[in-house]
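Observations on the model geometry
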Amino acid sequence: MATSPAPRALIFDVDGTLAETERDGHRVAFNLAFERLGLPDRWDEEVYGELLSTPGGKQRLDRHLAGRGMPADERARLVPELHRLKNEEFLSLIRRGGIEPRRGILRLIDEAFAAGVRVGIATTGSRAWVDELLEVLLGRPRRDRLGAIVTAEDAAYKPDPEIYLVALARLREEPRNAVAIEDSALGLQAAKAAGLYCAVVRSDYTADQDFARADLVVDDLGDEGKPARIVCDPHHVVASGLVDLVTLGRLVAAR
Ligand code: XBP
Ligand code: MG
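Here's a quick rundown of the structure. Counting of residues starts from 1 at the beginning of each chain's written sequence and follows it residue by residue. Chain A is the first chain written and ligand 1 is the first ligand written, with later ones labelled in order. Thresholds applied to this predicted model are a pLDDT of at least 70 for local features of residues and 80 or more for the giving and counting of side-chain atom pairs; totals over whole chains, interfaces and linings are not thresholded and use all residues. Note that water and hydrogens are dropped before the side-chain values are worked out from all heavy atoms of the structure.

1. Observations concerning the sheet that holds strand S7 (residues 229-232)
Two strands qualify as a pair provided that DSSP identifies no fewer than 2 bridges between them. Think of it this way: any DSSP run of H or I at least four residues long counts as a helix, any run of E at least two long counts as a strand, and we number them from the N terminus. The 7 strands lie next to each other as S3-S2-S1-S4-S5-S6-S7, forming an open sheet whose pairing is mixed. Strands with a single pairing partner mark the edges of an open sheet, and in this sheet they are strand S3 (148-150) and S7. Each strand of the sheet is rotated relative to its neighbour by a mean of 25 degrees, with strand direction disregarded. Should any heavy atoms of two residues lie within 4.5 Å, those residues are considered in contact. Each axis is a line fitted through C-alpha atoms, and for a helix only the stretch in contact is used; angles between axes span 0 to 180 degrees, taken between their N-to-C directions. Its contacts with the sheet place helix H8 (residues 162-171) against strand S1 (9-12), strand S2 (118-122), S3 and strand S4 (178-182), and it is angled at close to 160 degrees to S3.

This is the structure in structure tokens:
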């Protein structure tokens, strides 16, 4: 295949995509929040995996508490408090270290910046922790160069496409020139509904989800000396062994 132009924008999801944040991050923080309020609830890895089909921490808490029979008025009082405490715990977990970017993320973002490709973030996570996590994962200079950071406060939850449409508007780019990097089926649905190309990097909790509509599916993006683990490459775009800007440019050119 001939060399192709780079995409004009890359938009990254956060949870599961930039880093494995769910099992040892958010899940642990939710449990600490339950504990702080003296509640008996604890989410083990399996239960949390099931709850992840509900996007958004507050909605996840509400679903769980409703499922164990808590009345709506009590939930309306408890959920915001639990979520605030969970975010507090998640922030202290981030500050203690241990959450690292997934393989290839920093390389791909640096390639994008070097080529003048705009980079944005589209997450259903909350503003309360997203900025700080981005700073820890990417380092402040990369975080400060992001052209858009769209969080749960700015748009409807995935799989609604709004989060991607808001990110595109802030980046002043058309969906057909942009590639979303996602780890989940809900994220893939949101990106496709907004008209973007979507490369999926499967994560701990999403390996068994349906990615039939993805433009590329890998288990990691790869780095120098560590080839990407390709799951499905329907447009035959991965040539160098890495998911890089050339790879994603081929996706955009394949339309
Ligand atoms: C991420 C989420 C988030 C986090 C928790 O989905 O669903 O809700 O689990 O964050 P995606 P909050 O990666 O598709 O954006 O507790 O701040 O909601
Ligand atoms: Mg995700």
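What follows continues from the structure just given.
2. Focus: the environment of Thr21
Tracing the chain through its elements places Thr21 in the loop between S1 and helix H1 (22-36). Put simply, Thr21 and Asp204 are 183 residues apart on the chain and 9.5 Å apart in space, counted from C-alpha to C-alpha. Not counting the four nearest positions on each side in its chain, Thr21 is found in contact with Asp15, Gly16, His26, Phe90, Ile99 and Leu133.

3. Quick look at the packing of aromatic side chains
Between the rings of Phe, Tyr and Trp (Trp by its six-membered ring), a pair exists once the centres lie within 6.5 Å; its type follows the angle of the planes, with under 30 degrees stacked, over 60 edge-to-face, and the other angles tilted. Under the counting rule described, the total for this entry stands at 6 aromatic pairs. Taken together, a centroid distance of 4.9 Å and an interplanar angle of 50 degrees make the contact between Phe30 and Trp43 tilted. Here Phe30, found in helix H1, pairs with Trp43, found in the loop between H1 and helix H2 (45-51); they are 13 residues apart in sequence, far enough to count as distant. As far as the burial class goes, Phe30 and Trp43 line up, both buried. On the basis of an interplanar angle of 80 degrees and a centroid distance of 5.1 Å, the ring pair of Phe34 and Trp43 is categorised as edge-to-face. Exposed residues in this analysis have more than 50% of their type's maximum accessible area, buried residues have under 20%, and partly exposed residues fall in between, with area computed by a 1.4 Å probe over protein chains only. For Phe34, a relative accessible area of 0% corresponds to the buried category. Positioned above the aromatic ring of Phe30 is the side chain of Lys86, whose terminal nitrogen or guanidinium carbon lies 5.0 Å from the ring centre. We note Lys86 situated over the ring of Phe90; from NZ or CZ to the ring centre the distance is 5.4 Å. Whether a charge lies above a ring is judged from NZ of Lys or CZ of Arg, which has to be within 6 Å of the ring centre and within 35 degrees of the ring normal.

4. Side note on the pattern of salt bridges
By convention in these notes, a salt bridge is any Lys or Arg side-chain nitrogen within 4 Å of a carboxyl oxygen on Asp or Glu. Scanning the model with the defined rule gives 25 salt bridges in all. For Arg127, the salt bridge identified is with Asp154, shortest N-O distance 3.2 Å. Of the two residues, Arg127 is situated in helix H6 (residues 127-138) and Asp154 in the loop between S3 and H8; the sequence distance between them amounts to 27 residues. Bridged by salt links that share partners, the residues Arg36, Glu81, Arg84, Glu88 and Glu89 form one connected network.

5. Concerning the pairing of S4
For a regular strand, side chains alternate in direction, first toward one face of the sheet and then toward the other. Of all 5 residues that make up S4, 5 are buried, and the element is covered over most of its length. Two elements, S1 and S4, share 4 bridges in a ladder whose sense is parallel. Looking at S4, one finds that Ala9 is bridged to Ala178. By the bridge criterion, 4 bridges tie S4 to strand S5 (residues 197-201) in an arrangement that is parallel. Among the inter-strand pairings, Glu182 is bridged to a residue of S5, identified as Val200.

6. Comments concerning the side chain of Arg60
Position of Arg60 among the secondary structure elements: in helix H3 (residues 57-67). We count Lys and Arg on the positive side and Asp and Glu on the negative side, and we leave His and both chain ends out. As a buried residue without a salt bridge, Arg60 has its nearest oppositely charged side chain in Glu22, at a separation of 4.2 Å.

7. Thoughts on the coordination of the magnesium ion (ligand 2)
Note: metal donors comprise N, O and S atoms at 2.8 Å or less from the metal (3.2 Å for Na, K and Ca); water molecules are not included, so apparent gaps in a site are possible. With distances of 2.1 to 2.2 Å, the protein atoms coordinating the magnesium ion (ligand 2) are Asp13 (OD), Asp15 (O) and Asp183 (OD). Every donor residue of the magnesium ion (ligand 2) comes from the same chain, spaced as D-x1-D-x167-D. Here Asp183 lies in the loop between S4 and helix H9 (185-193) and Asp15 lies in the loop between S1 and H1, a separation of 168 residues in the sequence. For Asp15, a relative accessible area of 13% translates into the label buried.

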